[in-house]
Amino acid sequence: MKRIKRDVNPQKAYVMAIVTNGLQVGLIVLIVAYMLLMPEKVIDLPMARYILAIAACVVLWGGIVDIREAITTRKLMNQLDDMDDTITAMETLNNTLRSQRHDFLNHLQVVYSLMEMEEYDEANAYIEKVYGAITSVSRVMKTANPAINALLQVKLAACEKEGIRVRLNIQSAWKDLPIPGWEMCKVLSNLIDNAIDALEEVTDRQLTLTLTEDLKSFRFSVSNNGPMIPMKSQKSIFTPGVTTKSAGHGMGLFIVKKVLNDRGGDIMLVSDADRTEFSGWLPKEITSIQ
């Protein structure tokens, strides 16, 4: 699949729609106020005021509707961006799997040739190298959701590049997840990215991801051995605009909490000198989306 291409700039269209309609609403409000406050002797036709007021209300209503639709469109564009990221991750994982399958016969031939030449140490070293490459992918192929598997593969590669040791504790296949995979990826991606950032100045970097479930809910946690989040920040960490990063916008954890809360789930934080852990849950049966 190819990434979605767009001929328009959605961000620019979104801003222009709000600015234009905002000015329109403001202008109409001023006209209505002016007409209603104008002395009677200046305007001899009260009906003109009445008609103009009705027209102004109609235009005002149209402007409000346009602003609402612009905001809705922006939300949809954000969803498309999230889906694009998930598709890209799935493409990466698919290409990796295809490459491994293509190379598998070649690996067997090399091992067979080394054993024929009685180069057993070389054969053993080669097998260990190939085995390591294969297991690095198979580690993430443990859930029933391809999007989540693809995300974990991408994040494992990012952690490996940063020198972070990752422990995957996948105790459940997360089958029949009640929300789209790309949306759950948004939750996990934000939490993992935060953990990677928290380990920036740590020597022995460790990150643990746990996926599990019980009778009523799917559960997850992302923990790291980075520095403790100050108590003051812990109390407001899920508030929009609050961030512990030097260059962050403070929206990632707010988005995570909103996605879960809208579907009856939640997330909590525990942070001390030894570890920082974000743990959350999502009900298996979602009755409504707020």
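Here the structure is shown first, and the text comes after it.
What counts, and at which threshold
- Residues numbered from 1 in each chain as written.
- Predicted model: local features only at pLDDT ≥ 70, side-chain atom pairs only at ≥ 80, totals over all residues.
- Heavy atoms only, no water.
- Helix = DSSP H or I, 4+ residues; strand = E, 2+ residues; numbered from the N terminus.
- Buried < 20%, exposed > 50% of the residue type's maximum accessible area, 1.4 Å probe, protein only.
- Pairing = 2+ DSSP bridges.
- Right-handed = clockwise from strand over helix to strand, strands pointing away.

## Overview of the environment of Ser 236
By the element assignment, Ser 236 lies in the loop between helix H6 (231–234) and helix H7 (252–261). Between the C-alpha atom of Ser 236 and that of Phe 254, which follows or precedes it by 18 residues, the distance is 9.9 Å.

## Examining the pairing of strand E5 (residues 276–283)
Of all eight residues that make up E5, seven are buried, and the element is covered over most of its length. In this structure, strand E3 (residues 217–224) lies alongside E5, joined through eight bridges in antiparallel fashion. Bridge pairing links Phe 220 to Gly 280 in E5. Bridge analysis of strand E4 (residues 266–271) against E5 gives six bridges, and the strand direction is antiparallel. By the bridge assignment, Met 268 is partnered in E5 with Ser 279. Where E4 folds back onto E5 in an antiparallel hairpin, the turn is made up of four residues.

## Topic: unusual backbone geometry
Residue Trp 174 is not a glycine yet carries a positive backbone phi of 50°. In this structure Trp 174 comes out as buried when scored by relative accessible area, which is 1%. A positive phi angle, near 60°, is found at Asp 176, a position not held by glycine. For Asp 176, the position within the fold is in the loop between strand E1 (165–170) and helix H5 (181–198). We classify Asp 176 as exposed; its relative accessible area is 64%.

## Description of the pairing of strand E2 (residues 206–213)
The pairing of E1 with E2 spans six bridges and is classified as parallel. Note on E2: the bridge partner recorded for Asn 169 is Thr 210. For the handedness criterion, the β-α-β arrangement of E1, H5 and E2 is classed as left-handed. Where E2 meets E3, seven bridges bridge the pair, whose relative direction is antiparallel.

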